[in-house]
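Structural features, examined
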Amino acid sequence: QVQLVESGGGLVQAGGSLRLSCAASISTSSFNAIGWYRQAPGKQRELVATISSSGTTNYADAVKGRFTISGDNAKKTVFLQMNSLKPEDTAVYYCNAEIGIFNPAIFWGQGTQVTVSS
C-alpha cells in the first residue's frame, strides 16, 4: 500500500505563494509519474501538473508560468510551488502517483485546502 500525504495548504491573499508537499511512503524514484490535481467546489477534479520518471513536466494552461512541480527522491517528496496565486486557484489540491509497468496502480492523497482571497 502506497500512502501519499499532502501538506502546505492554507489561506493566502491573491498574489501570494504557497508550497505544497506530497510525502510518499515509498521512494518516489519508483513512481511512473506523480501529479497534482485540484477540485474546486461544484467542479470536477482537474489536472494541475505532472512530473514523469524522466523529469518531464506538464502543466495545465491555467497555471503555466505560475506553478512549478518538482521532486526530491531522497526525501520521498514531490512539491508544488504556487506563485502569483489567484482566487480561482482556490480548491482542494490532491497528489497522486502511478506505480507499475503493465498494470499500473494509481494512488491519491487526502488533499489539502488552498484558499486564495481577493
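This brings us to the pairing of strand E8 (residues 77-82). In terms of burial, E8 is a largely internal element, five of the six residues being buried. Here six bridges tie strand E3 (residues 18-24) to E8, and the two strands are oriented antiparallel to one another. Across the sheet, Ser 21 pairs through a bridge with Phe 79, a residue of E8. With six bridges joining them, strand E7 (residues 67-72) and E8 adopt antiparallel strand pairing. Within E8, the residue paired with Ser 70 across the bridge is Phe 79. Taking the residues that link successive antiparallel strands as the turn, the E7-E8 hairpin has four residues, and the phi of Lys 76 there is positive, at about 55 degrees.

On to the packing of aromatic side chains. Applying the stated criterion across every chain, the model contains two aromatic pairs. Centroid distance Tyr 94 to Trp 108: 6.4 Å. Interplanar angle 85 degrees. Geometry classified as edge-to-face. Residue Tyr 94 is found in strand E9 (residues 91-99), and its partner Trp 108 is found in strand E10 (residues 105-108); the two are separated by 14 residues along the sequence. Note on Trp 108: relative accessible area 36%, which makes it partly exposed. Site record: aromatic cluster; members linked through ring pairs are Tyr 37, Tyr 94 and Trp 108. For the cation-ring pair, Arg 19 lies above Phe 79, with the distance from its terminal atom to the ring centre recorded as 3.8 Å. Against the face of Tyr 94 rests Arg 45, its NZ or CZ located 3.7 Å from the ring centre.

Right, let's get into the pattern of salt bridges. Applying the stated criterion across every chain yields a total of four salt bridges. Taking the shortest distance from any N to any O, the salt bridge between Lys 64 and Asp 61 comes out at 3.0 Å. The structure contains a network of salt bridges with shared partners spanning Arg 38, Glu 46, Arg 66 and Asp 89.

Moving on, we get to the state of the cysteines. All chains considered together, the criterion is met by one disulfide. Disulfide partner of Cys 22: Cys 95, at an S-S distance of 2.0 Å. Taking the sign of the S-S torsion, -75 degrees for the link of Cys 22 and Cys 95, the bridge is left-handed. With Cys 22 in strand E3 and Cys 95 in strand E9, the pair connects residues that are 73 residues apart, well separated along the chain. The buried category is assigned to Cys 22, whose relative accessible area is 2%. On the accessibility criterion, Cys 95 (0% relative accessible area) is buried.

Here we take up the environment of Pro 41. Along the chain, the position of Pro 41 falls in the loop between strand E4 (33-39) and strand E5 (46-52). As a C-alpha pair, Pro 41 and Gly 111 span 70 residues in sequence and 13 Å in three-dimensional space.

Conventions and cut-offs
Residues numbered from 1 in each chain as written. Predicted model: local features only at pLDDT ≥ 70, side-chain atom pairs only at ≥ 80, totals over all residues. Heavy atoms only, no water. Buried < 20%, exposed > 50% of the residue type's maximum accessible area, 1.4 Å probe, protein only. Helix = DSSP H or I, 4+ residues; strand = E, 2+ residues; numbered from the N terminus. Pairing = 2+ DSSP bridges. Phe/Tyr/Trp six-rings, centres within 6.5 Å; stacked < 30°, edge-to-face > 60°. Lys NZ or Arg CZ within 6 Å of the ring centre and 35° of its normal. Salt bridge = Lys/Arg side-chain N within 4 Å of Asp/Glu carboxyl O. Disulfide = S-S within 2.5 Å.

By themselves these figures say nothing about function.
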